[in-house]
Amino acid sequence: MPDNDSDATADGGVAEYDVIVLGGGPAGENAAAYAIAGSDRTAAIVEPEKVGGECSYWACIPSKALLRPGHVLGAALGLPGIEAEGPDTAEVLRRRDEFVHAHNGDHDDSSQVEWAVQQGIEVIRGAGRLDGERRVRVGDRVLRARSAVVLATGTHAAVPDVPGLRDALPWTSRDATNLHEIPKRVIVIGGGVVACEATTWLSALGAEVTVLVRGDRLLTGVEPFAGEYVASALTAQGVQIRFGTRPLRVTRPAAADHGEGRIHGGAVTVHAQGPDGETTLVADEIVVAAGRVPNTDGIGLETVGLPGGYVEVDDQLTVAGVPGEWLYAVGDINHRAALTHMGKYQGRVCGDVISARVAGRSLSGPRYRAAADHHAVPQVVFTDPEVAAVGLTADAARKAGHEIRTVELDIAVAGSALARDDYTGHAALVIDTATDTLLGATFVGPDVGEQLHAATIAVAGRVPLDALWHAVPAFPAISEFWLRLLETDRSSLRSAV
Ligand SMILES: Cc1cc2nc3c(=O)[nH]c(=O)nc-3n(C[C@H](O)[C@H](O)[C@H](O)COP(=O)(O)OP(=O)(O)OC[C@H]3O[C@@H](n4cnc5c(N)ncnc54)[C@H](O)[C@@H]3O)c2cc1C
Ligand SMILES: NC(=O)c1ccc[n+]([C@@H]2O[C@H](COP(=O)([O-])OP(=O)(O)OC[C@H]3O[C@@H](n4cnc5c(N)ncnc54)[C@H](O)[C@@H]3O)[C@@H](O)[C@H]2O)c1
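Per an unreviewed UniProt entry, the recorded name for the protein is Dihydrolipoyl dehydrogenase family protein, and the organism is Nocardia testacea. According to the UniProt record, the Sequence similarities (unreviewed entry) comment for the protein is "Belongs to the class-I pyridine nucleotide-disulfide oxidoreductase family." You can read under Cofactor (unreviewed entry) in the UniProt record for the protein the words "FAD".

Asker: Tell me about the UniProt feature "domain: Pyridine nucleotide-disulphide oxidoreductase dimerisation" (unreviewed entry) in the protein, and please be specific about residues and values.
Answerer: The UniProt record marks residues 377–481 with the feature "domain: Pyridine nucleotide-disulphide oxidoreductase dimerisation" (unreviewed entry), using the residue numbering of this structure. Between the end C-alpha atoms of residues 377–481 there is a gap of 21 Å, over a span that is 25% helix and 31% strand.

Asker: So what's going on with the sheet that holds strand 11 (residues 185–189)? Residues and values would help.
Answerer: One open sheet accounts for 4 strands, arranged 13-12-11-17; its pairing is parallel. Two strands in the sheet have a free side with no partner beyond their single neighbour: strand 13 (240–242) and strand 17 (285–288). Across this sheet, the average inter-strand angle for adjacent strands is 20°, counted without regard to direction. The pairing of strand 11 with strand 12 (residues 208–212) spans 5 bridges and is parallel. Within strand 12, the position partnered with Val186 by the bridge is Val209. Helix 7 (residues 193–204) contacts strand 11, strand 12 and strand 17 of the sheet and is inclined by roughly 165° relative to strand 12.

Asker: Any details on unusual backbone geometry? Residues and values, ideally.
Answerer: The omega torsion of the bond from Gly86 to Pro87 falls at 0°, within 30 degrees of zero and hence cis. Note that Pro87 resides in the loop between helix 3 (60–77) and helix 4 (89–99). Phi is positive for Glu325, close to 50°, though the residue is something other than glycine. Within the element layout of this structure, Glu325 appears in the loop between strand 18 (292–294) and strand 19 (327–329). Even without being glycine, Asp436 reaches a positive phi, approximately 55°. Position of Asp436 among the secondary structure elements: in the loop between strand 23 (426–432) and strand 24 (437–445).

Asker: Account for the site of ligand 1, with residues named and values stated.
Answerer: Near ligand 1, the surroundings consist of 35 residues, among which Glu47, Lys64, Gly128, Asp332 and Thr340 are the closest. Taking Glu54, its main chain carries an N or O atom lying 3.1 Å from an oxygen atom of ligand 1. In this structure, an oxygen atom belonging to ligand 1 sits 3.3 Å away from a main-chain N or O atom of Leu339. Elements represented by at least two residues in the shell around ligand 1 include exactly helix 1 (26–36), strand 3 (43–47), helix 2 (53–58), helix 3, helix 6 (173–177) and helix 9 (340–359). Tallied by class, residues from the shell around ligand 1 come to 14 nonpolar, 14 polar and 7 charged.

The rules behind these values
- Residues numbered from 1 in each chain as written.
- Chains lettered and ligands numbered in written order.
- Predicted model: local features only at pLDDT ≥ 70, side-chain atom pairs only at ≥ 80, totals over all residues.
- Heavy atoms only, no water.
- UniProt positions renumbered as here; feature names shortened; annotations may be inferred.
- Helix = DSSP H or I, 4+ residues; strand = E, 2+ residues; numbered from the N terminus.
- Pairing = 2+ DSSP bridges.
- Axes fitted to C-alpha atoms, helices over the stretch in contact; angles between N-to-C directions.
- Contact = heavy atoms within 4.5 Å.
- Near = heavy atom within 4 Å.
- Polar contact = N/O pair within 3.5 Å; in protein donor to acceptor, adjacent residues only side chain to side chain.
- Nonpolar A, V, L, I, M, F, W, Y, C, P; charged D, E, K, R; others polar.

Here is the structure:
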């Protein structure tokens with residue numbers, strides 16, 4: 001419980017905590033819990049919406065719940081002798097709703113609040129705002145942090161400045177993940193992770209999807225072959241992908257906000273510029289998946305001398321340019337690696353750093369540095385086929401000055417053939433020739449997400465390939481493609497001699 005100090009004001013006093021966290025998403029939750037773990041320190045999480053954040057209710061969890069049935073159906077159809085049909089849309093949405101604790105159009109975060117209370121964290125409802133050094137305002141309330149304030153306010157969907165687009169009330173990721181109606185025709189703007197995943201589930205649920213991609217490929221953050229596999233699979237499913245195409249203007253005369261995940265009015269027309277000139281597309285809904293904007297407007301950055309936008313931190317998650325080592329930022333808001341698991345990792349490091357600083361312990365160990373942010377960020381894109389990648393792409397490695405060799409092959413081992421008759425996949429490693437260690441790995445294929453952690457361990461641990469040779473994959477598991485990769489690398493080294 002907080003202590004009220006002598007600064008008390010008429011509006012109820014200044015509540016003091018050791019640590020105050022703005023934002024109850026996955027990053028903020030972890031920072032708060034780790035900062036006070038095993039101590040008698042106090043912490044508060046300030047949260048205007050739901051404890052659990054974007055990830056629990058509008059991002060990772062509902063999207064994966066919507067994608068899983070399509071993966072299972074694909075796997076079943078890939079085996080003779082198994083009859084499968086579906087998905088049953090009502091059941092898919094019901095199961096999604098269970099995962100996001102949906103009740104009467106709202107999300108129930110009571111289990112996450114209960115978790116916070118069990119950790120000794122107080123949850124304060126409302127939008128928080130910095131008010132100078134170690135002070136936070138939540139409405140009329142003033143909070144003071146004895147040790148640290150952690151910013152973890154996340155991001156929201158960007159809506160590009162295309163004439164008519166905002167007035168058309170387009171769906172963002174919040175609507176697409178919480179959809180209650182399946183629009184017959186959908187236009188998706190963007191070719192990144194949200195666009196690819198949302199297209200996958202919308203198409204699996206029966207929508208006719210057209211994707212407008214301004215560049216010439218999908219998923220530009222990973223090796224090009226991965227985006228090509230996803231594009232071919234989506235195209236084979238009937239999705240139209242228009243590369244090199246930008247929306248010019250949007251019209252929707254009968255736009256109407258019928259609520260999250262409900263179709264927002266009548267037909268929408270998108271005029272777009274493509275490689276063959278201007279085209280006009282008509283759909284029942286439009287999904288904007290064009291990146292994110294940090295939730296930093298109105299959080300009082302200016303009161304501590306910071307500009308707006310993403311908040312820059314050092315490897316100890318301490319905010320750059322603010323003296324006194326009391327202000328931290330974790331998760332999407334620091335723009336280091338906008339993924340839930342990386343935000344949680346930063347939260348753990350940040351909490352450990354706060355705890356060590358309060359106790360006067362040395363911060364010299366690796367535990368106090370978010371080093372993985374720089375070289376070992378894993379990501380699974382849950383499209384069908386999945387994409388799993390960690391570390392650097394070949395291009396990024398070269399740009400970073402590494403001398404590299406690459407090895408790649410189709411995933412075609414006994415395990416993949418046994419898994420399903422139609423298994424197709426591809427795998428690639430980026431190897432640092434100076435140290436003979438992995439800098440990156442990329443896999444595409446059904447269920448490759450479950451293969452990723454082995455690569456993450458190798459990249460994060462800088463395991464030499466000679467040592468990896470003795471990590472023998474079990475037979476007949478799909479992971480045997482690891483052996484094939486190492487064999488291919490050996491034989492190409494031999495032939496190069
Ligand atoms: C559709 C979609 C699918 C995704 N799927 C995955 C996935 O499968 N795997 C993955 O790793 N990542 C995924 N992501 C990314 C992931 O959602 C984010 O990286 C993650 O949610 C970031 O966590 P966070 O705690 O930094 O922020 P958030 O989860 O955004 O939480 C921030 C919290 O801060 C609160 N807040 C805002 N303003 C204030 C304020 N003034 N005061 C106090 N609190 C405030 C917000 O209400 C929110 O609860 C997905 C994203 C999207 C959009
Ligand atoms: N499975 C996962 O790990 C997962 C799933 C979903 C989202 N996420 C994370 O959430 C974040 C947001 O994802 P996202 O897909 O929104 O962003 P993104 O940056 O991955 O992709 C944005 C896409 O929008 C396009 N775009 C940007 N501005 C545009 C404009 N003005 N007009 C037309 N197109 C435009 C870009 O070219 C790109 O194709 C990412 O960090 C992503 O990694 C992760």
